[in-house]
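Now for the letters of each chain:
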Amino acid sequence: MKAVILASGEGTNAENIVSFFQNKKECLEVLGIISDKAGSGVLERAKGWDIPTALIEKKSMKRSMHEREIYRQVKEWGGHWLLLAGYMRILGPHFISRFYDEKRGHSRIINIHPSLLPSFRGLRAYERAFEAKAPFSGVSVHFVDEGMDTGQLILQKKFNRLQEDSFEDFKKRGQHLEHIAYIEAIFKVLKGDYR
Ligand code: GAR
């Protein structure tokens with residue numbers, strides 16, 4: 001897999017993927033990191049990696065223009081796959097269609113979402129799951145389609161919410177699981193083991 005990571009935030013998922021695959025490039029090679037947020041944690045972290053980065057801010061650009069810039073950069077680096085790791089924008093149908101894989105029947109864009117989809121689609125998923133006081137929550141890795149967090153699931157992992165959990169405890173447990181889930185999901189995709 002020749003992949004580009006798109007991230008807006010802290011970058012822990014990106015870091016986890018980069019460090020896991022740095023000596024397994026025959027499985028997955030991260031060709032570059034794109035962030036839409038100046039000063040984001042992911043760009044700071046990436047200074048320590050030997051991987052090119054690009055800041056592509058949306059600012060007053062139309063979504064289609066912004067995505068054209070992203071696409072141009074991904075192609076310049078030779079990327080075929082996109083790994084969304086805390087990328088906080090919804091991608092437009094035209095952009096997604098450029099990564100559609102006819103043979104596989106889905107896009108070559110993977111996303112991680114911090115809930116057991118279809119529960120808590122969209123933003124602030126940890127917050128909403130915690131507020132809902134469910135006895136467990138989870139994380140989902142899925143292919144991206146035109147909907148919001150609606151694409152085909154690759155895998156999900158569940159974690160318990162303990163009674164004494166603060167929101168920080170709860171989120172920390174979830175994020176630890178995200179890191180395990182993303183790597184496992186990538187291997188499932190490599191093996192075609194997700195149908
Ligand atoms: C992660 O919790 C990820 O699941 C979430 O953003 C966080 C990014 O953390 N993504 C979404 O909510 C997507 N809708 P990170 O920057 O440390 O990887």
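Just so we're clear, the structure is a prediction, and the values are computed from it rather than from any experiment.

### Observations regarding unusual backbone geometry
Okay, so step 1: Note that the residue after Leu117, namely Pro118, is joined by a cis bond; omega there is 15 degrees.
Okay, so step 2: Here Pro118 is to be found in the loop between strand S7 (109-113) and helix H5 (125-131).
Okay, so step 3: In this structure, Phe120 is a non-glycine residue whose phi angle is positive, near 55 degrees.
Okay, so step 4: Position of Phe120 among the secondary structure elements: in the loop between S7 and H5.
Okay, so step 5: On the basis of relative accessibility, which here comes to 26%, the residue Phe120 falls in the partly exposed class.
Okay, so step 6: The residue Asp149 is not glycine, and still its phi comes out positive at about 60 degrees.
Okay, so step 7: Within the element layout of this structure, Asp149 appears in the loop between strand S8 (136-143) and strand S9 (153-160).
Okay, so step 8: Given a relative accessible area of 13%, Asp149 falls into the buried group.

### Quick notes on the pattern of salt bridges
Okay, so step 1: Counted by the stated rule, this structure contains 15 salt bridges.
Okay, so step 2: In this structure, the salt-bridge partner of Asp36 is Arg89, at a minimum N-O distance of 2.8 Å. Remark: Arg89 occurs in the loop between strand S4 (81-84) and helix H4 (93-97) and Asp36 occurs in the loop between strand S2 (29-35) and helix H2 (41-46); sequence separation between them is 53 residues.
Okay, so step 3: A network of salt bridges, in which partner residues are shared, links Glu10, Glu15 and Arg45.

### Observations regarding the side chain of His66
Okay, so step 1: Inspection of the secondary structure puts His66 in helix H3 (residues 63-77).
Okay, so step 2: The exposure class of His66 is buried, given its relative accessible area of 1%.
Okay, so step 3: Aside from chain neighbours lying at most four places away, what touches His66 is Asp36, Ile56, Glu57, Lys58, Met61, Tyr87 and Arg89.

### Re helix H6 (residues 167-191)
Okay, so step 1: Counted at 1.5 Å a residue, the expected span for H6 with its 25 residues is 36 Å, and the 36 Å between its end C-alpha atoms agrees.
Okay, so step 2: For H6, the full list of buried residues reads Phe167, Phe170, Gly174, Leu177, Glu178, Ala181, Tyr182, Ile183, Ala185, Ile186 and Val189.
Okay, so step 3: Lining the buried residues of H6 we find helix H1 (12-21), S4, S7, H5, S8 and S9.
Okay, so step 4: The positive-phi residue at the C-terminal boundary of H6 is Gly192, with phi of around 70 degrees.

### Quick look at the environment of Arg108
Okay, so step 1: Looking at where Arg108 falls in the secondary structure, it is placed in the loop between strand S6 (106-107) and S7.
Okay, so step 2: With relative accessibility at 16%, the residue Arg108 sits in the buried group.
Okay, so step 3: Among all residues touching Arg108, those that are not within four sequence positions of it are His80, Trp81, Leu82, Phe99, Tyr100 and Asp101.
Okay, so step 4: Only 2.9 Å separates the side chain of Arg108 from the backbone oxygen of His80, close enough to count as a polar contact.

### Brief notes about the site of the ligand
Okay, so step 1: Surrounding the ligand, one finds 13 residues, the nearest of these being Glu10, Gly11, Thr12, Asn13 and Glu178.
Okay, so step 2: Contact distances for the ligand include 2.6 Å between an oxygen atom and a side-chain N or O atom of Thr12.
Okay, so step 3: Here Glu178 contributes a side-chain N or O atom positioned 2.7 Å from an oxygen atom of the ligand.
Okay, so step 4: Contact with the protein chains removes 90% of the 450 Å² of surface that the ligand exposes when unbound.
Okay, so step 5: With respect to the pocket detection grid, the ligand is positioned in the largest pocket.
Okay, so step 6: Elements supplying a minimum of two residues to the shell around the ligand: H1, S7 and H6.
Okay, so step 7: When the residues that make up the shell around the ligand are grouped by side-chain class, the tally is four nonpolar, seven polar and two charged.

### Focus: the packing of H1 against H6
Okay, so step 1: Between H1 and H6, the least distance of the axes is 10 Å, while the angle of their chain directions is 50 degrees. In terms of orientation, H1 lies oblique with respect to H6. Considering the relative orientation of H1 and H6, their crossing is right-handed. Taking contact as the criterion, the partners of Thr12, Asn13, Asn16, Ile17, Phe20 and Phe21 in H1 are, on H6, Glu178, His179, Tyr182, Ile183, Ile186 and Phe187.

The rules behind each value
- Per chain, residues are indexed from 1 in the order of the written sequence.
- Per-residue local features are limited, in this predicted model, to residues with pLDDT of at least 70; the limit for side-chain atom pairs, both in listing and counting, is 80 or more; totals at the level of whole chains, interfaces and linings are taken over all residues.
- Side-chain measures were taken over the full set of non-hydrogen atoms in the model, leaving aside hydrogen atoms and water.
- Only DSSP runs of H or I reaching four residues or more are called helices, and only runs of E reaching two or more are called strands; each is numbered from the N terminus.
- Partly exposed describes any residue whose relative accessible area lies between the buried limit of under 20% and the exposed limit of over 50%, with all areas from a 1.4 Å probe on protein chains only and scaled to the type maximum.
- Whenever Lys or Arg places a side-chain nitrogen within 4 Å of a carboxyl oxygen from Asp or Glu, that contact is recorded as a salt bridge.
- Residue contacts are counted whenever heavy atoms from the two residues lie within 4.5 Å of one another.
- Expected helix span is taken as 1.5 Å per residue step, with the number of steps being one fewer than the number of residues.
- Within 3.5 Å is the distance limit for a polar contact, defined as a pair of N or O atoms, with the added protein rule that one can donate a hydrogen and the other accept it, and that residues adjacent in sequence qualify only through two side-chain atoms.
- Residue proximity to a molecule or strand is established when one non-hydrogen atom of the residue lies within 4 Å of it.
- Per-residue and other accessible areas follow the Shrake-Rupley method at a 1.4 Å probe size, with only the shown protein chains counted as cover for residues.
- Cavity means a closed set of points on a 1 Å grid over the protein atoms alone, one where a 1.4 Å probe fits but cannot get out, pocket means an open set with protein on both sides within 12 Å along at least 5 of 7 lines, and lining means a residue has an atom within 4 Å of a point.
- Each molecule is checked against the cavity or pocket grid, and it sits inside if more than half of its atoms lie within 2 Å of the grid points.
- All amino acids are sorted into three groups, where Ala, Val, Leu, Ile, Met, Phe, Trp, Tyr, Cys and Pro are nonpolar, Asp, Glu, Lys and Arg are charged, and the leftover types, Gly among them, are polar.
- Only the stretch in contact is used when a helix axis is fitted, and all axes are lines through C-alpha atoms; the angle between N-to-C directions ranges over 0 to 180 degrees.
- For this classification, under 35 degrees means roughly parallel, over 145 means roughly antiparallel, 65 to 115 means roughly perpendicular, and everything else is oblique.
- Handedness of each helix crossing follows the sense of rotation of the near helix against the far helix: counterclockwise by less than a right angle gives left-handed, clockwise gives right-handed.

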